[in-house]
Amino acid sequence: LESDEIPGARLELQVHGRRYRATANAEGLFQARIKGPLRVGLHPVGARLVSDGRGRPRRFRVAGARLRVWPAGPGVAVLSDIDDTVLDTGVRSRVRMARRALTTAAEDLESFAFAPALFRVLGARNYPLVFVSGSPVNFYPKLRRFLRLKGFPEAALLLKDFGPRGLTRQRAYKLGQIAVVLDLLPGYRFILVGDDGEQDPEIYAEVRRRHKGRVAAVLIHMVSRRPGAALAGQWYFRDFRDAARELRRRKLLTARDLRRVGVK
């Protein structure tokens, strides 16, 4: 979790010959808005650190990135949690969860059976995939590597700025991030995937209330030993093959898709 941020750092980004300036906040995080139109697909993004927060030039090498452009709607997109939705973090034991988070590498992490296969099928249907997690942004490299090792398709990964004030604001954080994603894909209806270990059912119920007509399905992975009552309009499952069957019932997958997930 230790990191050396450069508050106020100024950067220059390059996308298709255009240059954009960005300034990091107190936590070293920054955002940039890229002008369109851009063709659908992945676009390389170059980056250069211009100066630190005190105006001094810095010569550190800055890693590049890729900008993903999805088709304009209408369409269907997938927004999913990570911890104990697709990644078995042991949420049923907070001590175990903390120990695994702090002492394991990406190679040690396990996904739930058939979760990668289902997400590969969703990606193959050209459904935009976005993971929104309450895990610290410091875990980005580890979680990104975990997803690749387990065979999940390429997806956007939004994580939380770690700090004492944010530890108790999971609901507000997720609702805010989900609203941003919905605004960025205005023509899409969303499949929301979460688990019943924390607040996903209540958060997704609020999303449905605030964004009427934007939610195609809510799938809740049952990981609690003592599951509560299912909320209206949400489908609860223990096996990702059952989740695939429900998406087929809603005509969001095909019979061929089910076979690719592993449903016989």
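What comes next is a walk through the structure. Here the structure is a predicted model, which means the values were calculated and not measured.

Evaluated as defined, the whole model comprises five aromatic pairs. With 5.5 Å between their ring centres and 25° between their planes, phenylalanine 119 and phenylalanine 131 make a pair best called stacked. With a gap of twelve residues between them, phenylalanine 119 in helix α2 (residues 115–124) and phenylalanine 131 in strand β6 (residues 129–136) connect regions that are remote in the sequence. Grouping residues by exposure puts phenylalanine 119 and phenylalanine 131 together as buried. Three or more aromatic residues joined by ring pairs form one cluster here, namely Phe119, Phe131, Phe146 and Phe152. Sitting above the plane of the phenylalanine 139 ring, lysine 142 keeps its charged end 5.1 Å from the centroid.

Attention shifts here to the sheet that holds strand β5 (residues 75–80). The six strands are arranged β7-β6-β5-β8-β9-β10 in an open sheet whose pairing can be described as parallel. Lying at the two open borders of the sheet, with one neighbouring strand each, are β7 (156–160) and β10 (235–237). Averaged over all pairs of adjacent strands, the angle between strand axes in this sheet comes to 20°, irrespective of strand direction. Bridge count for β5 against strand β8 (residues 188–195) is six bridges, and the pairing is parallel. For leucine 79, the partnering residue across the bridge sits in β8 and is leucine 192. Sheet strands touched by helix α4 (residues 170–184): β5, β6, β7 and β8. Its angle to β6, the strand with the most contacts, is close to 155°.

Look at α4 against helix α5 (residues 200–210): their axes get within 10 Å of each other, and the N-to-C directions meet at 40°. One way to sum up the angle between α4 and α5 is to call them oblique. Where α4 crosses over α5, the two elements pack in a sense that is right-handed. Between α4 and α5, the residues in contact are Gln170, Arg171, Lys174, Leu175 and Ile178 and Asp200, Glu202, Ile203, Tyr204, Glu206, Val207 and Arg210, respectively. Split by residue class, the contact of α4 with α5 holds five nonpolar, one polar and six charged.

The rules behind the values
Residues numbered from 1 in each chain as written. Predicted model: local features only at pLDDT ≥ 70, side-chain atom pairs only at ≥ 80, totals over all residues. Heavy atoms only, no water. Phe/Tyr/Trp six-rings, centres within 6.5 Å; stacked < 30°, edge-to-face > 60°. Helix = DSSP H or I, 4+ residues; strand = E, 2+ residues; numbered from the N terminus. Buried < 20%, exposed > 50% of the residue type's maximum accessible area, 1.4 Å probe, protein only. Lys NZ or Arg CZ within 6 Å of the ring centre and 35° of its normal. Pairing = 2+ DSSP bridges. Axes fitted to C-alpha atoms, helices over the stretch in contact; angles between N-to-C directions. Contact = heavy atoms within 4.5 Å. Parallel < 35°, antiparallel > 145°, perpendicular 65-115°, else oblique. Left-handed = near helix turned anticlockwise from the far one by under 90°. Nonpolar A, V, L, I, M, F, W, Y, C, P; charged D, E, K, R; others polar.

Function cannot be inferred from these measures alone, as they are strictly geometric.
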